[in-house]
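Chain and residue survey
So the chains spell out like this:
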Amino acid sequence: FRCNIFEPKKFSKGWDNYNIGLDIGERYLRVSLDKLKILSKWRPQKNFKSVLIIGEQGLGDELMFSLLLKKLNLSETKIGLLFDKRLKNLFASSDLSHEFIESFDEALEKKYESYISIGSLCKYFIKSESDFSKLPNLNIRTNKKLISDLKSKLVHKFTIGISWHTSNKQLGSLRNIKLKQFLPLFLELNANFINLQYGDHISEIAKVSRKIKKDVFIKDNIDNKADLDSFAAKVSVCDLILSIDNSTVHLAGILNKNTIAFIPEVSDWRWFGKNDKCLWYQNTTLIRKSKSWDPAIKDAILYCKNLIN
């Protein structure tokens, strides 16, 4: 995808280039294009009664592109979502009219007549920079009891959620920040800290806790990777999210949480150039790496202090 956000007329060409990724295998779909050939390709000009939305790439992409789903004519079109199964209950708690499809065979049994990969919706609904601000929220309802339980553990008035790692083999080394680099944040701010990192980081967390001579994070028993419903409740409790470029920043975005996203010097296309404005999520600020992550973390600390005060 190549597009200058300050030249709106190039968005159409940019999405065309992005869609070429399907043909050359650079975009991974949950159903192969060969299988999908039995269905018609969805287009807004055609009056299809049903459309199967195919998830792609990974959890972060499916969350980000889900902002486009309400742009479809929900009153006249049956929508099926073939996404990461972890999203089923989360989307069921939203105000989106859809059914979650477990497999392509199920979609055929239910006689879906058209399909589109979720990222390809951009071509029809994002034609200029201003269209991003018009993307409607999904209005996801999070677990009130769990939120209440989490809040009962909080000591300070301000709560910060942190995610610092991605297991992406290709780009993880560029995006990841070591938890110990956040030591100034833990030492300088009078705040609660919630662990929004998925995966096994027990050893890393223990080392930082020893450094600051107390548990760095509020304790909970939630699986941040497998249990997205409970994970969304953790995100909802936070006053601010600090996250690298991973699925956490996208979940925080669709929940409309105040978020800082740490973006590497060579960034993914979705962050559009050198700006600090996030087009996808209006409450997200981009802080970009400059040689090292230390200046970015200092900027985040200042941002947090201003919010707390």
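Presented here is a report on the structure given in the accompanying data block. (Residues numbered from 1 in each chain as written. Predicted model: local features only at pLDDT ≥ 70, side-chain atom pairs only at ≥ 80, totals over all residues. Heavy atoms only, no water.)

1. Here we look at the packing of aromatic side chains
Throughout the structure, instances matching the rule amount to 20 aromatic pairs. Ring geometry for Trp-42 and Tyr-124: centres 5.7 Å apart, planes at 85 degrees, overall edge-to-face. Taken together, the residues Trp-42 in the loop between strand S1 (40-41) and strand S2 (50-54) and Tyr-124 in helix H6 (residues 122-125) connect sequence positions 82 residues apart. The exposure class assigned to Trp-42 is buried, which follows from its relative accessible area of 7%. Members of the aromatic cluster, connected to one another through ring pairs, are Phe-11, Trp-15, Tyr-18, Phe-65, Phe-132, Trp-269, Phe-272 and Trp-280. The ring of Tyr-112 carries Lys-78 above its face, with NZ or CZ at 4.5 Å from the centroid. (Phe/Tyr/Trp six-rings, centres within 6.5 Å; stacked < 30°, edge-to-face > 60°. Helix = DSSP H or I, 4+ residues; strand = E, 2+ residues; numbered from the N terminus. Buried < 20%, exposed > 50% of the residue type's maximum accessible area, 1.4 Å probe, protein only. Lys NZ or Arg CZ within 6 Å of the ring centre and 35° of its normal.)

2. A closer look at the pattern of salt bridges
Pairing between side chains of opposite charge can happen when their charged atoms approach one another. Counted under the stated rule, the structure contains 22 salt bridges. Close ionic contact of Glu-56 with Arg-27 constitutes a salt bridge, the shortest N to O distance being 2.8 Å. Within this pair, whereas Glu-56 is found in the loop between S2 and helix H3 (59-65), its partner Arg-27 is found in the loop between helix H1 (11-23) and helix H2 (33-36), the two being separated by 29 residues in sequence. When its relative accessible area of 0% is taken as the criterion, Glu-56 is described as buried. Given a relative accessible area of 7%, Arg-27 falls into the buried group. Between Lys-78 and Glu-99 there is a salt bridge, and its shortest N-O distance comes to 4.0 Å. Of this pair, Lys-78 sits in strand S3 (residues 78-82) while Glu-99 sits in strand S4 (residues 99-100), and the two are 21 residues apart along the sequence. Given the relative accessible area of 36%, Lys-78 is considered partly exposed. The exposure class assigned to Glu-99 is partly exposed, which follows from its relative accessible area of 23%. (Salt bridge = Lys/Arg side-chain N within 4 Å of Asp/Glu carboxyl O.)

3. A look at the nonpolar core
With 63 residues, the main nonpolar core has Ile-53 and Trp-280 as its most contacted residues. Other than its neighbours up to four places away in sequence, Trp-280 contacts Trp-15, Met-64, Phe-65, Leu-67, Cys-122, Ile-126, Phe-132, Leu-135, Trp-269, Arg-270 and Phe-272. Of all hydrophobic cores here, the second largest spans 30 residues; its members include Phe-158, Phe-186, Phe-193 and Ile-205. (Core = buried A, V, L, I, M, F, W, Y, C linked by side-chain atoms within 4.5 Å. Contact = heavy atoms within 4.5 Å.)

4. Some details on the layout of surface pockets
Considered as a void within the structure, the largest pocket measures approximately 1100 Å³ in volume. In terms of lining, the largest pocket is formed by 38 residues, of which the most central are Gln-57, Asp-61, Asn-168, Arg-175 and Arg-270. Its residues assigned to classes, the lining of the largest pocket comprises twelve nonpolar, 14 polar and twelve charged. What the second largest pocket holds in volume is close to 420 Å³. Every residue lining the second largest pocket is counted, 20 residues in all, and those nearest its centre are Asn-195, Ile-202, Ile-205, Phe-217 and Asp-220. In terms of residue count, the dominant contributor to the lining of the second largest pocket is helix H10 (residues 202-212) (three residues). Residues belonging to the lining of the second largest pocket are distributed by class as follows: seven nonpolar, seven polar and six charged. (1 Å grid on protein atoms, 1.4 Å probe; cavity = no way out; pocket = protein on both sides within 12 Å on 5 of 7 lines; lining within 4 Å. Points joined across faces, edges and corners; volume = space filled by probe spheres on them. Nonpolar A, V, L, I, M, F, W, Y, C, P; charged D, E, K, R; others polar.)

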